[in-house]
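Per-entry structural report
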Amino acid sequence: MPHINYNHLYYFWHVCKSGSVVGAAEALHLTPQTITGQIKSLEERLDGKLFKRLGRGLVPSELGQLIYRYADKMFTLSQEMLDIVNYRKEASLLFDVGVADALSKRLVSRVLEAAVPPDNAQIHLRCFESTHEMLLEQLSQHKLDMILSDCPVDSTQQEGLFSVKLGESPISFFCCNPPSGMDFPDCLEHRPLLIPGRRSMLGRKLLNWFNTQGLKVNILGEFDDAALMKAFGMNNDAIFVAPAVYSSTEFQDEKIEEVGRVEGIMEEYYVIFAERMIQHPSVQRICYTDFSALFE
């Protein structure tokens, strides 16, 4: 029995991913006619139609969905193999890291120091910020090597992805001019409040905490970027949220005071990576580094 032409299968895989012959042709730098011809040859080999029309695009037929599942595993594994081989050959290793924008940047920067030690010039670090969901999608598409996020990944739902908890920090409320004569947390009802966006794990925890405490707070804004939330809070006399450790480090030299601390709510830090990255030196350094002192 003759083997399948893997070029034909590769072109079919690209059409599935892009949703059109034109999109696949652009990605592969080929003409649409070439792609169409290759798909037709694969259909003849498999004795069935691989696509059906949906509007102006193409979607896999029942046979096409079956073939795509196998093709996706094959070409994903081949890319992982090349990545691992290239890590061993390259004089300078690129390390693309996605950072969840809700995380506090000072703590993130300290974690990243473990990935690129001062005496190692072989690692070329590139950092990108976005939401946890967007970064997870890019990691699955091999556009990122690792993610730092505030929530873990479920390996049973995200096959081939793993997460390791690096640490956690209690959350505090800060302000330049704290309300006087009021106890915490009642004082939160008397000043505009800034919190992380509710798309983040921390934002959802805080909203639930307000409800359980019976607090009727005035949320002036939700911020995905922790640094922007702090700057906006300082300029608008608002109370904002940050890791409790900042009271003795980040904010020590600024006119920012801790209003109160919520011990039951933690900002958590996880590293998430694909199985193909287990051998990468930066991933290993981060996973084996003890960050407990950082979060005290």
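For every chain, the first residue of its written sequence is number 1, and the numbers climb from 1 along that sequence. pLDDT decides what is reported in this predicted model: residues at 70 or higher carry local features, side-chain atom pairs at 80 or more are listed and counted, and totals for whole chains, interfaces and linings draw on all residues regardless. The side-chain quantities take in all heavy atoms of the structure and omit both hydrogens and water.

1. Observations concerning empty space enclosed by the protein
Where empty space is left can be seen by rolling a probe of water-molecule size over the atoms. A pocket here means an open set of points on a 1 Å grid, computed over the protein atoms alone, that has protein on both sides within 12 Å along at least five of seven lines. A cavity is instead a set of points where a 1.4 Å probe fits but cannot get out; residues with an atom within 4 Å of a point line either one. Grid points are joined across faces, edges and corners, and a volume is the space filled by probe spheres set on the points. Counting across every chain of the model gives one cavity of 30 Å³ or more. Here the largest cavity defines a volume of roughly 30 Å³. Surrounding the largest cavity, D150, M201, L202, K205, M266, E267 and E268 form its lining. Polarity classes work like this: nonpolar for Ala, Val, Leu, Ile, Met, Phe, Trp, Tyr, Cys and Pro, charged for Asp, Glu, Lys and Arg, and polar for all others, with Gly in that last group. Its residues assigned to classes, the lining of the largest cavity comprises three nonpolar, no polar and four charged.

2. A short note on the state of the cysteines
Defined simply, a disulfide is a covalent bond joining two cysteines at their sulfur atoms. The disulfide definition used here is simple: a pair of cysteine sulfur atoms within 2.5 Å. Scanning all chains against the criterion turns up zero disulfides. C175 provides the cysteine sulfur closest to C187, a residue in no disulfide bond, and the two sulfurs are 9.0 Å apart.

3. Notes on helix α5 (residues 105–115)
Taken together, the buried positions of α5 are L107, V108, V111, L112, A114 and A115. Angular distribution of buried residues about the axis of α5 spans 140°; they occupy a single face of the element. Each residue is placed in one exposure class: buried if its accessible area under a 1.4 Å probe, protein chains only, is under 20% of its type's maximum, exposed if it is over 50%, and partly exposed if it falls in between. Helix and strand definitions follow DSSP, with helices as H or I runs of at least four residues and strands as E runs of at least two, each counted in order from the N terminus. The directions from the helix axis to the C-beta atoms form the arc being described.

4. Observations concerning the pairing of strand β10 (residues 257–274)
Of all the 18 residues making up β10, 13 are buried; the element is thus mostly covered by neighbouring parts of the structure. Here strand β6 (residues 161–175) pairs with β10 via 14 bridges, running antiparallel. Bridge pairing links C175 to E257 in β10. In this scheme, strands are said to pair when DSSP sees at least two bridges between them.

5. Remarks on the layout of surface pockets
Quantified by volume, the largest pocket comes out at close to 770 Å³. Along the walls of the largest pocket sit 24 residues, with D72, T76, S140, H142 and E159 positioned nearest its centre. For the lining of the largest pocket, the secondary-structure elements that each account for two or more residues are α1 (6–18), α4 (62–89) and α6 (132–140). If one sorts the elements of the lining of the largest pocket by residue count, α4 sits on top with nine residues. Of the residues belonging to the lining of the largest pocket, the class tally is seven nonpolar, nine polar and eight charged.

6. Notes on the UniProt feature "domain: HTH lysR-type" (unreviewed entry) in the chain
UniProt positions are given in the numbering used here, feature names are shortened, and annotations may be inferred rather than shown by experiment. The residues that UniProt annotates with the feature "domain: HTH lysR-type" (unreviewed entry) are residues 4–61. Secondary structure content for residues 4–61 is 62% helix and 14% strand, and the end C-alpha separation is 19 Å.

7. Some words on the environment of R204
Of note, R204 is situated in helix α7 (residues 201–213). As for R204 and V22, which are separated by 182 residues in sequence, their C-alpha atoms are 42 Å apart. Contacts between residues were defined by any pair of non-hydrogen atoms, one from each residue, lying within 4.5 Å. Residues contacting R204, with those up to four places away along its chain left out, are R198 and R199.

8. Side note on helix α3 (residues 32–46)
When the terminal C-alpha atoms of α3 are compared, their 21 Å separation across 15 residues agrees well with the 21 Å that a helix rising 1.5 Å per residue should span. Taken together, the buried positions of α3 are occupied by I35, I39, L42 and E43. The buried residues of α3 occupy an angular sector of 100° when the element is viewed end-on, so they sit on one face. Looking at α3, the residues exposed on the side facing more than 90 degrees away from the buried face are Q33, K40 and E44. Just downstream of α3, D47 is the residue with a positive phi angle, here 60°. A helix's residues, less one, multiplied by 1.5 Å, set its expected span.

9. Focus on the packing of aromatic side chains
What counts as a ring pair is set by centres within 6.5 Å for rings of Phe, Tyr and Trp (its six-membered ring), and what kind of pair is set by the plane angle: stacked under 30 degrees, edge-to-face over 60, tilted for all other angles. Using the criterion set out here, one finds 13 aromatic pairs in the structure. Look at F223 and F232: their rings are 5.3 Å apart centre to centre, the planes differ by 45°, and that puts the pair in the tilted class. For F232, a relative accessible area of 31% puts it in the partly exposed group. Taken together, a centroid distance of 5.1 Å and an interplanar angle of 50° make the contact between Y269 and F295 tilted. With Y269 in strand β10 and F295 in the segment after α9 (281–288), the pair connects residues that are 26 residues apart, well separated along the chain. Given the relative accessible area of 2%, Y269 is considered buried. Here a set of aromatic residues connected by ring pairs shows up, and it is made of F173, F184, W209 and F210.

10. Concerning the nonpolar core
Among the nonpolar cores identified, the biggest contains 64 residues, and M146, L148, F173, L188, F210 and I286 are the most heavily contacted of them. Broken down by element, the residue count for this core peaks at eight residues, all from β10. Residues in contact with F210, not counting those within four places in the same chain, are F173, L188, L193, I195, L215, V217 and I219. L9, A25, L42 and F75 belong to the second largest nonpolar core, which has 19 residues in total. Nonpolar cores are built from buried Ala, Val, Leu, Ile, Met, Phe, Trp, Tyr and Cys residues. Side-chain atoms within 4.5 Å join them into one set.

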